[in-house]
Amino acid sequence: MISIITSIFSNDISKNFFSSILEQKKETFELIILTNNISSMLANKINEIEGNSNIKLQVIFTTRKIGFNESIIEGIKLAKGSHAVIANPEEPLSKTFVIDATKIINNNKEVDIFEFKASFKGFEKWTPKKRCNLKPNYPFLISEYPKIVAFSFPFISNKIFKVSLAQFVSNKTTYIETNTHLSMQFLYMLFLYANIYMYVDIPYLGILIKKEDLPNYLNFYKEWKDISSKYFLENKLLQEIEYSQIYSTEIMIPALYSHKRLLTVPIRFGTTKNLSFKIYEKNNRLRIQNFPSFKYTNKYMLLNLLETEYLNKSHPPNEWSRILKIFRE
């Protein structure tokens, strides 16, 4: 059984999300909702769901809005399924999601983390190029094929993971709290302790990014500092996490912070121009202080890939708007 965990800390209820939950037929699954919403609209949706015998519903009311990582941990504590997914309550699931996901899980029960083809929505429809050639539907031992960690997309939204692994990880460290689902800390803790990974070349789970999802860039760097320190302490996957960090800081964050639709809201951390320059300077300092010989010594930089060519040098903010075009499928 799959556990779908979602959090609703807004008065806005997505009717499409709940309609998509009710459309899941035949297969039994669990829906865990964390919320501080006591509206009649949500109550009506809960009542509709309770009328479906194939949906095991748990609703946890909180007295306050809790952070993204905290909501994952609280949901995982209650999950009864073998695997879980963190669902965005604004993004409807496909009509056959539970059937398809259950089939994949049942055929590959040993897999700790499933990653689905990345497909972005919200700020624009963007399907990125594949980052490396991964054989689809094949269970890889991460210890024998560590490049998985280097080339996984740094988002938890397109992943399904074992509940037992997540429960173990939730007790291993404290997490930096953030309100955005673009937080990476829990995902990379899963990768640190996972054994088996599988890539599925179908975008079953879209990555929805709106302007309110844009992360506080200071928290973003704090998360990466914490992630790196955990991998260093375990002395595992060091080149992989180094490459993943550079990819996130010099491709994904600049792509988001240069997109017009994401910057229509006033930036809390200064003007857009100043903020872009701060990120650019921060990235350059990281290269010099933490990764001085990155492009020469990191084994993944030796691969002949479009992104390694791009990461071979720093790019100023006036070049960031080209990122999505360069890496579009």
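It should be noted that the structure appears before, not after, this text.
Notes on the structure in this doc start here.

Cut-off values and rules
- Residues numbered from 1 in each chain as written.
- Predicted model: local features only at pLDDT ≥ 70, side-chain atom pairs only at ≥ 80, totals over all residues.
- Heavy atoms only, no water.
- Helix = DSSP H or I, 4+ residues; strand = E, 2+ residues; numbered from the N terminus.
- Rg over C-alpha atoms; globule rule 2.2 N^0.38 Å.
- Buried < 20%, exposed > 50% of the residue type's maximum accessible area, 1.4 Å probe, protein only.
- Contact = heavy atoms within 4.5 Å.
- Areas by Shrake-Rupley, 256 points an atom, 1.4 Å probe, with all protein chains shown as cover.
- Axes fitted to C-alpha atoms, helices over the stretch in contact; angles between N-to-C directions.
- Parallel < 35°, antiparallel > 145°, perpendicular 65-115°, else oblique.
- Left-handed = near helix turned anticlockwise from the far one by under 90°.
- Nonpolar A, V, L, I, M, F, W, Y, C, P; charged D, E, K, R; others polar.
- Phe/Tyr/Trp six-rings, centres within 6.5 Å; stacked < 30°, edge-to-face > 60°.
- Salt bridge = Lys/Arg side-chain N within 4 Å of Asp/Glu carboxyl O.

Along the protein chain, the regular secondary structure elements total 13 helices and ten strands. For 329 residues, the compact-globule formula gives about 20 Å, and the C-alpha radius of gyration of the protein chain, at 20 Å, lands near that figure. When the 329 residues of the protein chain are sorted by exposure, 56% land in the buried category. Across the protein chain, every contact between residues at least 6 apart in sequence was considered, and the portion connecting residues at least 24 apart equals 84%. For the protein chain, the accessible surface area stands at approximately 15,200 Å², while carbon and sulfur atoms represent 50% of it.

Attention now moves to the packing of helix H7 (residues 185–193) against helix H8 (residues 217–234). Where H7 contacts H8, the two axes come as close as 10 Å, and the packing angle between them is 15°. As far as their axial angle goes, H8 and H7 are roughly parallel. Between H7 and H8 lies a crossing whose hand is right-handed. From H7, Gln185, Tyr188, Met189, Phe191, Leu192 and Tyr193 reach across to H8, where they touch Glu223, Trp224, Asp226, Ile227, Lys230, Tyr231 and Glu234. Here the contact of H7 with H8 is composed, by residue class, of eight nonpolar, one polar and four charged.

Moving on to the packing of aromatic side chains. Scanning the model with the defined rule gives 23 aromatic pairs in all. With 5.4 Å between their ring centres and 90° between their planes, phenylalanine 116 and tyrosine 204 make a pair best called edge-to-face. Within this pair, whereas phenylalanine 116 is found in strand S5 (residues 113–116), its partner tyrosine 204 is found in the loop between strand S9 (196–200) and strand S10 (207–209), the two being separated by 88 residues in sequence. On the basis of relative accessibility, which here comes to 1%, the residue phenylalanine 116 falls in the buried class. A centroid spacing of 6.5 Å and a plane angle of 80° characterise the contact between phenylalanine 153 and tyrosine 247, whose relative ring orientation is edge-to-face. Taken as a pair, phenylalanine 153 in the loop between helix H5 (147–151) and strand S8 (159–162) and tyrosine 247 in helix H9 (residues 238–257) lie far apart in primary sequence, 94 residues in all. For phenylalanine 153, a relative accessible area of 7% puts it in the buried group. Residue tyrosine 247 is classed as buried on the basis of its relative accessible area, which comes to 4%. Three or more aromatic residues joined by ring pairs make a cluster, and in this case those are Phe120, Phe123, Trp126, Phe153, Phe155 and Tyr247.

Quick look at the packing of helix H1 (residues 15–22) against helix H2 (residues 40–50) now. Two packed helices can be described by the angle between their axes and the distance between those axes. Across the interface, H1 lies against H2 with an axial gap of 10 Å and an inter-helix angle of 10°. Our classification of the angle between H1 and H2 gives roughly parallel. Residues Lys15, Phe18, Ile21 and Leu22 of H1 touch H2, and the partners they reach there are Met41, Leu42, Lys45, Glu48 and Ile49. Looking at the contact of H1 with H2, its residues break down into six nonpolar, no polar and three charged.

The next point concerns the pattern of salt bridges. The final tally for this structure, using the stated rule, is 14 salt bridges. A salt bridge links lysine 210 to glutamate 90, with the nearest nitrogen and oxygen atoms 2.6 Å apart. Separated by 120 residues along the polypeptide, lysine 210 in the loop between S10 and H8 and glutamate 90 in the loop between strand S4 (83–86) and helix H4 (97–107) bring together distant segments of the chain. Take lysine 210: its relative accessible area is 30%, and that puts it in the partly exposed class. Note on glutamate 90: relative accessible area 39%, which makes it partly exposed.

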